[in-house]
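Residue strings, one per chain:
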Amino acid sequence: MMEDLHHIYVRLCKDHHIDPQDCVLEKLKSLMQGSKSKATLDLSTSSLTPKTCAVLGKVLAADRTFVEIKFADCMLTEDAIKGLCQGLAYNSFCRKLDLKGNNIRGAGTEALGKMLQYNKSLVSLCLEWNGMGMLDNSFAVFCDGVGSNTSLKALDLRNNQISHDSVTELAAALKRNVHLRSLDLRWNNCGLLGGRALLEMLQSNKTLSRLELAGNNVPSDILKSIETAVQNNEDRQTIVDENQKRTQTMAKHIRDLELDKKLQLNDLLTTIDKQENMMKKTTRTSTQQIGSLQVALDERKGAFNSLAAKLSMAETELALSEQKVSDSNSTMNRLKIDMQEMVANHVNEIRRMKEDRANEELKLLKEISETQDKNMQLQNKVEDLDRKCHQQQEQLYDFKEQVTHLQSELTLKGSQFDERLAQEKLRHKESMRDQEQYKQKEMSRIKQEGEDMERILRDRITKLESQRLNMEEEISRLKAANVADKLNSEEQLVSTKHRLKSEEEQRHVQLEEKIRVLQISKDELQSHCNQQMATISQLQHKNSNLQLEIEALHRQKDELNQELSQKTNYTMAEVEKVKVELTRSQSKLDQERSMQAELREKLSAVDTQMSEQLLKQRKVVEEKEKEVVLLEEKLKGRELELVRMREEEAQRVQVLQSAILNYVGSKHGVSSR
């Protein structure tokens, strides 16, 4: 940062055509070589020119390194003070400024006042050993700047030749300033009137807690009253600072309590959520186990039913597949016929379009020939007009010859005929101009007509070309439509195949849904277990019926085709397998009964465990709710304590204010006596 300041200072000096002063360069170099923690620019007792001060002001306007700046005992001129103040007005980093012993007066004091109006960062300003109070008007501008400033805390105005009028201006400005804490006016000329003005100011200003007035010829009673007022302001400020600290600590404590409360509530909610998740997991596992048992039972039942339904499903599927193949063949034939018709229609339309196009081309050729004939006629007219123009020019030459003869005769006759000759010349010139204008108009009109005809013909040609392009686009579009129709027909065939597959899958899904309907509840499982003996007898009856149906199917197959003889053998083998499986299933059903009894016992044990867990969770939730209620009661109690403490503090403040007012009143009474 110091290197940047050095470069900026040197560059600005070059821009303003100024030689940089050695004292400034040496100071900046020493700061660059020293420690980086130094944030003080000390140019005290160095002779600075106004131009260098103006450059330093521009450097300090954008500076963010120096917290304290010193220009003590430099004997700066008014222009130098103005240049520094113009830069410091826009500085937002400097906190302390020392301008002691610079003989500031007049325009310098005005520049300081304007700087204080714009600066928002200065906290301490030392103006000792100057002559700011010599001119009342300039000091009034300085007082306006002090009154409008909101950051200045300490102001040193010792030995500035400030009169009682200037002190009254300063007191009036301090009535508006609520931020200044310390003011040093020692060794000035305040006098009686200035002391009274300061005393009146202290009655409205309650923030000024330090005021030095030694060596100002102020009466002792006024000094004492000012000291008491300043002491009261200091006590009041300490009370206000303590109250602010207390309020800040209480606010922090309240925030900490609120955070603790939120954390506790979040912990409770997380524990409740975890317990709910555990409950859900246990219920899911139990339901999954029950569902798996039900699925196993239903699979066993479905195996019996599927063996019986396979024969009927196979025959129906064969018939349906044959019907669907025939339907698909018929649809394919229809699509082929439609495609042929579409192709024939498209060929006829293309022929018609070609014929129309040929007719339009013939019409256009006729129109072009007509326009060419018109152009020839117009050219003939132009040639006739050119001939007429040549004839008129020859006539003009003849007239000119006659005019020359007449002029020779007129010279003899005298000046009477001179006027007539001039008139005749003018008439001839006008006639020539009219003829030339008429000729030009005719030529331009003929050219415009020819150009218009050419434009019309070009437009028609472009239209015909656009129509030709449109026809070609329609032909390509029709070809694409034919291809798309073919693709659609193929897609329809594929979709029909997919639809058949989807229908088969839907049938499987329906059967699975029917199986799932049986998995309703635990009570139905118990009833199914009781009804299994009855179902076994029904299955035996169904087996006997199936044998009869198989014999009938054998007869039908023998009558229909010899090809289905293999299927009959397959069905007989499957029936024998079913009998074997039935015998096995009876033994397995007995085993499953014992397994179901064990599962009932396990389910009862799981139910008891679930009920116990629910009771435990309810107890835990009730305990947590009680803890939340206790915490809310504690918070309410603490809030009441905070309100009570605030009321006590307000009462204390009121008591202190009343005591201070009584003390001030008693002091005023004693001083008046």
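It should be emphasised that the depicted structure is a prediction, and the values quoted were computed from it without experimental measurement.

Draft legend 1. Layout of the packing of helix α6 (residues 136-148) against helix α7 (residues 164-176). Direction vectors running N to C along α6 and α7 enclose 15°, while the axes themselves pass 8 Å from each other. By the angle between their axes, α6 is roughly parallel relative to α7. Crossing of α6 over α7 shows right-handed handedness. Judged by residue contacts, Asp136, Phe139, Ala140, Cys143, Asp144, Val146, Gly147 and Ser148 of α6 engage Asp165, Ser166, Glu169, Leu170, Ala173, Leu174 and Arg176 from α7. Here the residues of the contact of α6 with α7 sort into 7 nonpolar, 3 polar and 5 charged.

Draft legend 2. Local environment of the nonpolar core. Within the largest apolar cluster, 70 residues are counted, with the highest numbers of intra-cluster contacts made by Phe71, Leu127, Phe142, Leu155, Leu157 and Leu183. Those residues within four positions of Phe142 in sequence are excluded, and the remaining contacts are Thr109, Leu112, Gly113, Leu116, Leu127, Met132, Leu155 and Leu157.

Draft legend 3. Region of the structure containing the UniProt feature "coiled-coil region" (unreviewed entry) in the chain. On the UniProt side, "coiled-coil region" (unreviewed entry) is annotated at positions that read residues 343-402, 454-570 and 614-648 here. End-to-end, the C-alpha atoms of residues 614-648 are 50 Å apart, and along that stretch the chain is 100% helix and 0% strand.

Draft legend 4. Structural detail: empty space enclosed by the protein. One pass over the structure, following the stated rule, counts 2 cavities of 30 Å³ or more. When its volume is computed, the largest cavity comes out at roughly 80 Å³. Taken together, Leu5, Tyr9, Val24, Leu28, Leu41, Leu43, Leu56, Val59, Leu60 and Phe66 form the lining of the largest cavity. Counting residues per element, the ones that place at least two in the lining of the largest cavity are α1 (2-15), α2 (22-33) and α3 (50-61). Looking at the lining of the largest cavity element by element, the count peaks at 3 residues for α3. Split into classes, the residues belonging to the lining of the largest cavity amount to 10 nonpolar, no polar and no charged.

Rules behind the numbers
- Numbers given to residues run from 1 along each chain, matching the order in which its sequence is written.
- Restriction of local features to residues with pLDDT of at least 70 applies here, the model being predicted, together with a cutoff of 80 or more for giving and counting side-chain atom pairs; totals for whole chains, interfaces and linings are based on all residues.
- Just so you know, side-chain values use all the structure's heavy atoms and leave hydrogens and water out.
- Here an axis means a line fitted to C-alpha atoms, over the contact stretch when the element is a helix, while the angle between two N-to-C directions is reported on a 0 to 180 degree scale.
- Secondary structure follows DSSP: runs of H or I at least 4 residues long count as helices, runs of E at least 2 residues long count as strands, and numbering of each begins at the N terminus.
- Each angle receives one of four descriptions, namely roughly parallel if under 35 degrees, roughly antiparallel if over 145, roughly perpendicular if within 65 to 115, and oblique otherwise.
- Definitions for this section: a left-handed crossing has its near helix turned counterclockwise from the far helix by less than a right angle. A right-handed crossing has that turn clockwise.
- Between two residues, a contact is recorded if the distance between any of their heavy atoms is within 4.5 Å.
- Polarity classes work like this: nonpolar for Ala, Val, Leu, Ile, Met, Phe, Trp, Tyr, Cys and Pro, charged for Asp, Glu, Lys and Arg, and polar for all others, with Gly in that last group.
- Buried residues of nine kinds, namely Ala, Val, Leu, Ile, Met, Phe, Trp, Tyr and Cys, make up a nonpolar core once their side-chain atoms join them within 4.5 Å.
- Note on classification: 1.4 Å probe, protein chains only; a residue is buried when its accessible area is under 20% of the maximum for its type, exposed when over 50%, partly exposed between these limits.
- UniProt positions are given in the numbering used here, feature names are shortened, and annotations may be inferred rather than shown by experiment.
- A cavity here means a set of points on a 1 Å grid, drawn over the protein atoms and nothing else, where a 1.4 Å probe fits but cannot get out; a pocket is an open set with protein on both sides within 12 Å along at least five of seven lines, and a residue lines either one if it has an atom within 4 Å of a point.
- Grid points are joined across faces, edges and corners, and a volume is the space filled by probe spheres set on the points.

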